[in-house]
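# Coordinates in review
Below, each chain spelled out in residue letters.
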Amino acid sequence: MQDKDTWSGRFAEPVAELVKRYTASVGFDHKLAMFDIQGSLAHAQMLASCGIIATHDLNDIKRGLAQIENEIIAGEFVWSLDLEDVHLNIEKRLTTLVGDAGKRLHTGRSRNDQVATDIRLYLRHAIDELLVLIKSLQNALLNLAAQHTNTIMPGFTHLQVAQPISFAHHLMAYFEMLKRDTERLHDCRRRVNRLPLGAAALAGTSYPIKREMVAEILGFDGVCENSLDAVSDRDFAIEFTACAALVMTHLSRFSEELILWMNPRFGFIDIADRFCTGSSIMPQKKNPDVPELVRGKTGRVNGHLVALLTLMKGQPLAYNKDNQEDKEPLFDTVETLTQTLRIYADMIAGIQVKPEAMRSAALQGYATATDLADYLVKKGVPFRDAHETVAVAVRFAEQRGCDLSAVSLSELQQFSTHIAEDVYQVLSLEGSLASRNHIGGTAPNQVEAAIVRARVSLAKP
Ligand code: ARG
């Protein structure tokens, strides 16, 4: 016999098979099971403490939920589509196991505040795990950067050689992005960490409940202060997805660079074989599949953000079934980001750097032209005139097919009488780096100091 629908007393005919499948969420929301149990235990404990259910009911509920938890862990729990979602599946099983106590669990509660609580518990847990993963990626970046404060590469603007920088300085730019991503996730966590339970269906409940007690048991910072808002808004999930989309976007940019750097035309790095694949037809190929997929999966997470925003925008207060559609984008965002971060830290640790190729690229693009202009300015030439003088000198060197540092002093002096022997310190890549000696600059001692500061910030809890 088919399970009797929970609300069947009101209905003259059973829900159509197709509709049942269309409306059911158990296929994906079973992921919330452990958080659902956690929330139910806290709710039951509060009900007993307020005298709304008896202590023996609480004990039965605890015993039943413990068994259900074991069944789920063992993979023995039977999820039924007829029971629609994770909440009804667990409640039904509880009632089968412990009888009336199971039926009392839902007193003063609705699935509306129940599901909002479950998602918040799920997301809080996910954020905590993601923060750890971001930290390990940041550590991998620092370890690589520490070895390369004197490894010179061209810095680019418009993907054209601009000025020499160190490879460490370039890597530290990503450290900073991840630092802000971490701050954003911490901030988002504060708004996730509020308790909806007690809002019941939408208006609150007539039982003498203690919401603060439930909040405390579940480790929430406080309760959601308006019952309609508590059951209906998913802004915290949207906010989280926006944070996740930004992390992915940062990693997508990094991936794009890794792909370019690994191309033999650059030849700046090699990515360990375990992160690449070959071609089924071209035997010579080694493709950077992982960074390419990170770039691709960023589109997917960005899409989830738009899906969630769109899901919310037309909903009147309070709860609407639309909200059931929040889970798949949210779960997929968490999983995609988790896997991406996990693989990325390992991939960064396995990067092989080719300093010679970086150096020769930096020597090819007149990367120290700005240094020559700055040199002239320091000798009293107005910047715009210095800029023009150097442009002419660069054209000269270009026709000659050599770097500025290879042009003789007498030839350089034809462009400006202010040029003297000391110009070669400025034209060298090392001199150019060393001169950018202020916080945020690429001078090796500054980047070393940035790495020390970064290590200190990571050591803080
Ligand atoms: N499965 C539902 C969801 O994910 C649970 C809440 C259902 N509430 C309701 N009134 N139908 O949103």
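Residues numbered from 1 in each chain as written. Predicted model: local features only at pLDDT ≥ 70, side-chain atom pairs only at ≥ 80, totals over all residues. Heavy atoms only, no water.

## Quick notes on a nonpolar patch on the surface
On the surface, Leu202, Leu228 and Leu317 cluster together into a nonpolar patch covering about 270 Å² of accessible area. In this fold, Leu317 is placed in the loop between helix H12 (289-313) and helix H13 (327-349). (Patch = residues over 30% accessible without salt bridge, like charges linked within 9 Å, V, L, I, M, F, W, Y side chains within 5 Å. Areas by Shrake-Rupley, 256 points an atom, 1.4 Å probe, with all protein chains shown as cover. Salt bridge = Lys/Arg side-chain N within 4 Å of Asp/Glu carboxyl O. Helix = DSSP H or I, 4+ residues; strand = E, 2+ residues; numbered from the N terminus.)

## Considerations on the environment of Ala42
For Ala42, the position within the fold is in helix H3 (residues 33-49). For Ala42, a relative accessible area of 1% translates into the label buried. Each C-alpha atom of the pair Ala42 and Phe331 lies 24 Å from the other, and the pair is 289 residues apart in sequence. (Buried < 20%, exposed > 50% of the residue type's maximum accessible area, 1.4 Å probe, protein only.)

## Some thoughts on helix H7 (residues 111-146)
In this model, H7 (36 residues) spans 52 Å end to end at C-alpha, consistent with the 52 Å of a helix rising 1.5 Å per residue. Summarising burial for H7: 26 of the 36 residues are buried, a large majority. Put simply, Ser110 is the residue that caps the front of H7, since its side-chain oxygen is 2.8 Å from the backbone nitrogen of Asn112. (Expected span 1.5 Å × (residues − 1). Polar contact = N/O pair within 3.5 Å; in protein donor to acceptor, adjacent residues only side chain to side chain.)

## Topic: the nonpolar core
If you look at the biggest cluster of nonpolar residues, it comprises 104 residues, and the most contacted ones within it are Phe240, Leu258, Ile269 and Ile348. No other element matches H7, which puts 17 residues into this core. Discounting chain neighbours no more than four positions away, the residues touching Ile348 are Leu137, Ala140, Leu141, Leu144, Phe254 and Leu258. Residues Tyr375, Cys402, Leu412 and Ile419 belong to the second largest nonpolar core, which totals 19 residues. (Core = buried A, V, L, I, M, F, W, Y, C linked by side-chain atoms within 4.5 Å. Contact = heavy atoms within 4.5 Å.)

## Thoughts on the site of the ligand
All residues in the neighbourhood of the ligand are listed as Ser25, Asp29, Asp85, His87, Arg111, Asn112, Val115, Tyr319, Gln324 and Lys327. Between the ligand and Gln324, the relevant distance is 2.8 Å, taken from a nitrogen atom to a side-chain nitrogen or oxygen of the residue. With the chains in place, 86% of the 340 Å² that the ligand exposes on its own is no longer accessible. Looking at the shell around the ligand, the element that brings in the most residues is H7, giving three residues. Across the shell around the ligand, the residue classes tally to two nonpolar, four polar and four charged. (Near = heavy atom within 4 Å. Nonpolar A, V, L, I, M, F, W, Y, C, P; charged D, E, K, R; others polar.)

## A few points about the packing of H3 against helix H4 (residues 55-73)
At their nearest, the axes of H3 and H4 sit 10 Å apart, and the two run at 175 degrees to each other. Between H3 and H4, the crossing angle belongs to the class labelled roughly antiparallel. Side by side, H3 and H4 meet where Ala33, Met34, Ile37, Ser40, Leu41, Ala44, Gln45 and Ala48 of the first sit next to Leu58, Ile61, Lys62, Leu65, Ile68, Glu69, Ile72 and Ile73 of the second. Of the residues that constitute the contact of H3 with H4, the class distribution is twelve nonpolar, two polar and two charged. (Axes fitted to C-alpha atoms, helices over the stretch in contact; angles between N-to-C directions. Parallel < 35°, antiparallel > 145°, perpendicular 65-115°, else oblique.)

## Some thoughts on the state of the cysteines
In protein chemistry, a disulfide is the covalent bond that joins the sulfur atoms of two cysteines. Summed over the entire model, instances satisfying the criterion amount to zero disulfides. For the unlinked cysteine Cys188, the closest cysteine sulfur is that of Cys243, found at 4.6 Å. Classification of Cys243 by relative accessible area gives buried; the value is 6%. (Disulfide = S-S within 2.5 Å.)

## Remarks on the pairing of strand E2 (residues 160-166)
Both strand E1 (residues 152-157) and E2 contribute to a ladder of six bridges, which runs antiparallel. Bridging across to E2, Met153 finds its partner in Ile165. Adjacent in sequence and paired antiparallel, E1 and E2 are bridged by two residues, among which His158 carries a positive phi angle near 55 degrees. (Pairing = 2+ DSSP bridges.)

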